[in-house]
Structure formats: C-alpha cells, structure tokens
Amino acid sequence: MAQAIAQKKPVRNWLLAYVYLAPALLFILVIFVYPVIDLLWRSLTRTTAGATHWSGLAAYRDALTDPVFWQALSNNLRLFLAVPILVALSLIVAAIIFDRVKGWRLYRTIVFIPYVLAIPVVGIVFSYVLQLHGVFNVLLGSAGLGQLAADWLGKSRTAIWALMFVVIWKELGFGVVLFLARMSSISEDLFDAAKLDGANWFQQLWYVTIPQLATVIEFYAIIELITMLSWVFAYVLVMTKGGPGTSTWVMEYFIYQKAFPYNQMQIASAAAILILAFASVLMFLQARLRRQVEELNG
C-alpha cells in the first residue's frame, strides 16, 4: 500500500508541475509558435480569387533569386561589424567611468541618454546632421577638413556606414551601463593584486576586467547581433527609406516592401522564414561554441 502511494506521488507532482506551466506554455504557443507556423504556411501557399493553392518552394526560389534579397542580407552582415566596435567602445568607456574620473556621474548619464531616445527621433535628427549641408559637414569645414565633407546618407558608398554610425551612437549607452553594473560586483582585491604586480591600466582591463565580464560581454554581443539583424528597420525607414537605390535595404525592409507596397506576401513570408532560419543557425553556433569553451575551461 505504501509503495503504491509512493509511486503515485511522483506522477501527481509531474502533473502538478505541468498545470503550473500550462499558462506560460499556452502564452508561448499563441505568441511565438502559432505566428511561425502561420508564416510558414503563407510562404508555401498562394491565395487567388479567395482560394488557397499549394505552391511549394516557389516563393523561396523567387526570394533567393532576387538580387535585392542578397543586397539586404549583405547590408545586415555589414552591420554585424558594429558589434565588435560596440563591445570595445563600451568596455573602454565603462572602465574609464568605473575609475570614478571627475564628473563620472554626468558622463554616465550623457552616454546613456541616446539609448532611451526613440529611434524615429534619432533618425530624423541625424538625417539633418549627416546631409550635405548638415552640422557634421559644417564641423568638418570648421576644423579645416572640408575636403572630407560628403552627402553621407545620399551616396550609395557611404549610406550604410552612416547608418551604422547612428546605430552605434544609440546602442553604446546600453553596453556601458551593462558593463558598469557587472564591474561594481568585481572584488577590489583582484585590482589591488594586479596593481601590486605592476599591471598598468590596460593590463588590468585585459587580465582582470574582461575575464570577469566574459558572460556579460557574450550577452551584450548576442543582443547586438540580434539588433543588427532584426531591429534596424526603423532607422532605414526614417533616415534613407532604403536609398539611394537599394543601398541601405536590410532584411526587415525587404520583407516590409514585399509584403505591403509590392503586395507579395508569399515572398515576404518566405524571406521572413529564411531570416528566422539564419538567426537560429547563429544562435545554435553560439551555443555550441560556448559549450566547447566551457568544456575546455572545465
């Protein structure tokens, strides 16, 4: 009798655990899983005259043979270059502020303010700043560097890099505050030991601070990779509208254009599934790399 009760108890606990998890699981299914399934279905079918017809992989073929698709993906990959720049700048700025330089509280606030600004506001402001007769070119002229002045957003050669500059300017504050929060929990004994060993500022940063921030740096890098892949649409829409030509199209903008102005929802759905697959591969590789590093260090 006692044995039967003991066997029923784990089963009851297992069922109870799923009862508690049910609301969260339902939320995930409705908010995340269902839209992906619906998107996949839309990419494989075509609706004409109110009737739905199976079209297979035709939309994927159309997307992959569209040169603008590859232009958009190429621009997203170019924006990935902003991630190591953001990590490096955030580390250096955070380390300087962490040293409690005079006015460090003010500097911390100034650095973080851009991050809380709305992207449309930032985009509109920099659209004027970076135009041919904008503030940036005026400053270059005042510094005797007028020969470097250019229509930064109006030329295909420079538009995507100008866009990257704006994204870096806005996202920097998040990294600085994130790293400062972790630095505040690092034991002072580590820095004191490094100073006794004769380590200078850069050596303390490299051998003490960065190893202690490893997991936070990884988190920040992943967040920024996701940002460069799927959160730059607003910058493009406000600042360049994809121009000049298609030089600043990104995947989000490609999906938006196909879905609405061009009314090609099937191709837009296929492109969305492709970018989801690409992001999933990146996350899988990151998780695999992290596991290998942990095994080597373990």
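I will try to describe carefully the structure that is included in this document. (Residues numbered from 1 in each chain as written. Predicted model: local features only at pLDDT ≥ 70, side-chain atom pairs only at ≥ 80, totals over all residues. Heavy atoms only, no water.)

This part takes up the nonpolar core. A general tendency of soluble globular proteins is for nonpolar side chains to be buried together. If you look at the biggest cluster of nonpolar residues, it comprises 63 residues, and the most contacted ones within it are Phe179, Met183 and Met228. Here this core takes 13 residues from helix H8 (residues 156-183), the largest share from any one element. Beyond its immediate chain neighbours, meaning those up to four positions away, Met183 contacts Leu91, Ala94, Ala95, Phe98, Thr209 and Leu213. Listed in part, the 5 residues of the second largest apolar core include Leu44, Ala59, Tyr60 and Ala270. (Core = buried A, V, L, I, M, F, W, Y, C linked by side-chain atoms within 4.5 Å. Buried < 20%, exposed > 50% of the residue type's maximum accessible area, 1.4 Å probe, protein only. Helix = DSSP H or I, 4+ residues; strand = E, 2+ residues; numbered from the N terminus. Contact = heavy atoms within 4.5 Å.)

In this section: the layout of surface pockets. Its boundaries defined by the atoms lining it, the largest pocket holds a volume of some 490 Å³. As for the largest pocket, its lining consists of 17 residues, of which Ser230, Glu252, Ile255, Ala272 and Ile275 are closest to the centre. The element contributing the most residues to the lining of the largest pocket is helix H14 (residues 265-297), with 5 residues. Taken together, the residues of the lining of the largest pocket break down into 15 nonpolar, 1 polar and 1 charged. (1 Å grid on protein atoms, 1.4 Å probe; cavity = no way out; pocket = protein on both sides within 12 Å on 5 of 7 lines; lining within 4 Å. Points joined across faces, edges and corners; volume = space filled by probe spheres on them. Nonpolar A, V, L, I, M, F, W, Y, C, P; charged D, E, K, R; others polar.)

Within this structure, the stated rule accounts for 2 salt bridges. Of the charged contacts in the structure, one is a salt bridge between Asp38 and Arg42, with a shortest N-O distance of 2.9 Å. Within this pair, Asp38 and its partner Arg42 are both found in helix H1 (residues 2-44), separated by 4 residues, close to a single helical turn. The exposure class of Asp38 is partly exposed, given its relative accessible area of 25%. For Arg42, a relative accessible area of 41% corresponds to the partly exposed category. As a salt-bridge pair, Lys258 and Asp66 come within 3.1 Å of each other at their nearest N and O atoms. With Lys258 in helix H13 (residues 251-259) and Asp66 in the loop between helix H2 (58-64) and helix H3 (67-79), this pair connects stretches of sequence that are 192 residues apart. By relative accessible area, which is 14% here, Asp66 ends up buried. (Salt bridge = Lys/Arg side-chain N within 4 Å of Asp/Glu carboxyl O.)

Here the focus is the packing of H8 against helix H11 (residues 214-230). Packing of H8 against H11 brings their axes to within 10 Å, and their N-to-C directions diverge by 160°. Relative to H11, the element H8 lies roughly antiparallel. You can see that H8 and H11 cross each other, and the crossing is right-handed. For the pair H8 and H11, the contacting residues are Val167, Glu171, Leu172, Phe174, Gly175, Leu178, Phe179 and Arg182 in the first and Val216, Ile217, Phe219, Tyr220, Ile223, Glu224, Thr227 and Met228 in the second. Of the residues contributing to the contact of H8 with H11, the split by class is 11 nonpolar, 2 polar and 3 charged. (Axes fitted to C-alpha atoms, helices over the stretch in contact; angles between N-to-C directions. Parallel < 35°, antiparallel > 145°, perpendicular 65-115°, else oblique. Left-handed = near helix turned anticlockwise from the far one by under 90°.)

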